[in-house]
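This is what each chain is made of:
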Amino acid sequence: MTRKQRRMNFVMLGLATLGTAAALVLTALEDKIVFFYSPTDLVTKTTIPKNQQFRVGGLVKEGTWKKPENGLTHNFTVTDLRHDIAISYKGIIPDIFREGQGVVVLGKVQANGIFRADEVLAKHDEKYMPPEVAAALKKSGKWEGGKARAE
Amino acid sequence: MQMLSEFLAMGGYGSFIWAAYGTAAIVLLGLLYLSLRELRATGAEIAALEANSPRRRRMDDEDGDEIK
Amino acid sequence: MIQKYANPARFNRLAATLLPWFAWPAAILIFAGLYFALFNSPPDYQQGESVRIMYVHVPSAWMALFVYTCMAISCAVGLIWKHPLAHIAAQAAAPIGACFTFVCLMTGSLWGKPIWGTWWVWDARLTSVLILFFLYLGFLALQNAFDDPARGERSAAILALVGLINVPIIHYSVVWWNTLHQPASVIKMAGPAIHSSMLLPLFLMAIGFKLYFLTLLLLRMKALMMARRARGMSMAQLHHQAAE
């Protein structure tokens, strides 16, 4: 075996080992690298640290967003189409916040079961198109935005 | 005039958009500037070194040394 | 075959031939891209005009990954075949990649604030790109951390190869984990989820950036090779003086 081949094998073996190690670590960490939980996770998963702040993500349920009349408190429901959770948030919401929009909220579940949010972030999907195209799609019934990705 | 200010406002996102394009321009053109300056500086350094040792054969020619 | 371009004179001639073929198209494509990005593309149905940040953000993100991959491959070639140009190429590419990653992070932050409602979150995508930025910085620092440049070169090359694992992690982070960042729009199985009027400026900018990278790469490689020559010459002169 030439030295060149030996170096080649060394590099390849190193990369393979590293790849395996990374894959193992990432699999082990899968649950730890969760940025947000879905409303269903809140019901089914027992590992969620409910006494601390955590994030919940989902869609703002149609017809549930009560805009503040005088104060700043927004009330709405976040859903993953299987389970819902009621959210109460006092503060400024992002520009693209609307019903049917993906959101990620940070906060804590209160004794009354309502999730009190300290931060509301909007999550947009990967689709980009001009408003006219979106309007045409909606009109023709081919629109699938928002509904499809609930997780 | 109004069209210009409307264009600059970018539907209210002007400050974010122009800051993004500005950052990109400064960083990417800055790197070009620094790279060209470095090239010129090393060129000058080599010229000075060559002037310093007139006996040394110029290396720009076809069979210049391979770099180690 | 490739070995002969390790000859600085030959490399310089090749670089001089290639440079205008990279630099001019880069300038033209980027200017055309900017025209479409800023003047002649529609606003997004959800994000309005802010979508225009995409035309610098996404190409920079692609470049951040592309340059890193090139750099790591170059390092592997340098380690295995000991080709001198390979290490020079990696060394020249690192600051360019770092700049693209920085632009990606900054423009992403400027986009995130109005749309998501935050400058920064520690989700898997954003965090893994920040790690990429630190990998570039670590590569540059490690290279100069040793008195013996060959040792610095080797250590930095190993770091670059170890960090290569981050590239697929960045790409799949939005698939594997819940993230605030949305999934890929262009590079996906079902075809792009971006309207063609928005894809045009995106691709113009992306190709322009790639050619701009090649332009910078050649310039920086040339400078690095000249710096090595200058170092060799001044060593020789010192040696000569000491002998007299």
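Here goes a summary of the coordinates provided. (Residues numbered from 1 in each chain as written. Chains lettered and ligands numbered in written order. Predicted model: local features only at pLDDT ≥ 70, side-chain atom pairs only at ≥ 80, totals over all residues. Heavy atoms only, no water.)

### Side note on the pattern of salt bridges
Residues and elements named next belong to chain A. Note the threshold: Salt bridges are identified by distance alone: a Lys or Arg side-chain nitrogen within 4 Å of an Asp or Glu carboxyl oxygen. The buried label goes to any residue with under 20% of its type's maximum accessible area, the exposed label to any with over 50%, and the partly exposed label to all in between, with areas taken from a 1.4 Å probe on protein chains only.
Counted by the stated rule, this structure contains seven salt bridges over all chains. Where D41 meets K45, a salt bridge forms, and the shortest distance between an N and an O atom there is 4.0 Å. What makes K45 partly exposed here is its relative accessible area of 29%.

### Observations regarding the interface of chain A and chain C
It is common to give the size of an interface as the accessible area lost on bringing the parts into contact. Definition in use: It only takes one pair of heavy atoms within 4.5 Å for two residues to be counted as in contact. Each of two parts loses accessible area, computed with a 1.4 Å probe, when they are put together; buried area is these two losses added. N or O atoms closer than or at 3.5 Å make up a polar contact, with two conditions inside protein: a donor-capable atom paired with an acceptor-capable one, and, for residues adjacent in sequence, both atoms drawn from side chains.
Tallying the contact residues gives 37 residues for chain A and 42 residues for chain C. A combined buried area of about 3600 Å² lies between chain A and chain C, and 65% of that area is made up of carbon and sulfur atoms. The tally of links from chain A across to chain C stands at zero salt bridges. Across the chain A-chain C interface, the total number found is 13 residue pairs in polar contact (both at pLDDT 80 or more).

### Thoughts on the side chain of S41 of chain C
All names here are of chain C. Short version of the rule: Helix numbers and strand numbers start at the N terminus; a helix is a DSSP run of H or I with at least 4 residues, a strand a run of E with at least 2.
Relative to the helices and strands, S41 resides in the loop between helix 1 (8-38) and helix 2 (54-81). For S41, the side chain forms a polar contact with the main-chain oxygen of F36, separated by 2.9 Å. Reaching out from S41, the side chain makes a polar contact with the side chain of R52 at a distance of 2.9 Å. Not counting residues within four places of it along the chain, the set of residues in contact with S41 comprises F36, R52, Y55, S197 and P201.

### Concerning the nonpolar core
Test applied: The term nonpolar core refers to a set of buried residues drawn from Ala, Val, Leu, Ile, Met, Phe, Trp, Tyr and Cys, joined through side-chain atoms within 4.5 Å.
One finds M54, Y68 and F100 of chain C to be the most contacted residues of the largest nonpolar core, which totals 101 residues. The greatest single-element share of this core, amounting to 19 residues, is contributed by helix 7 (residues 196-243) of chain C. Aside from chain neighbours lying at most four places away, what touches Y68 of chain C is M63, L132, L135, Y136, L159, A160, G163, L164 and V167 of chain C. Counting residues in each nonpolar core, the second largest holds 19 residues, with I87, I93, V105 and V120 of chain A among its members.

### Remarks on the side chain of D123 of chain C
Its location among the elements puts D123 of chain C in the loop between helix 3 (84-115) and helix 4 (124-143). Of the polar contacts made by the side chain of D123 of chain C, one reaches the backbone nitrogen of H181 of chain C; its length is 3.0 Å.

### A closer look at the packing of helix 3 of chain C against helix 4 of chain C
All names here are of chain C. Filter applied, for reference: Here the axes come from fitting lines to C-alpha atoms, over the contacting stretch only for helices, and the angles between their N-to-C directions go from 0 to 180 degrees. Angular relationships are summarised with four words: roughly parallel below 35 degrees, roughly antiparallel beyond 145, roughly perpendicular across 65 to 115, and oblique for the angles in between. Here a crossing is taken to be left-handed if its near helix is turned anticlockwise relative to the far helix by less than a right angle, and right-handed if that turn runs clockwise.
Between helix 3 and helix 4, whose axes approach to 9 Å, the crossing angle comes to 150°. Relative to helix 4, the element helix 3 is oriented roughly antiparallel. Regarding helix 3 and helix 4, the two cross each other, and that crossing is left-handed. Taking contact as the criterion, the partners of A90, Q91, A94, P95, G97, A98, T101, F102, C104 and L105 in helix 3 are, on helix 4, V129, L130, L132, F133, Y136, F139, L140 and Q143.

This is a description of form; function is not addressed.
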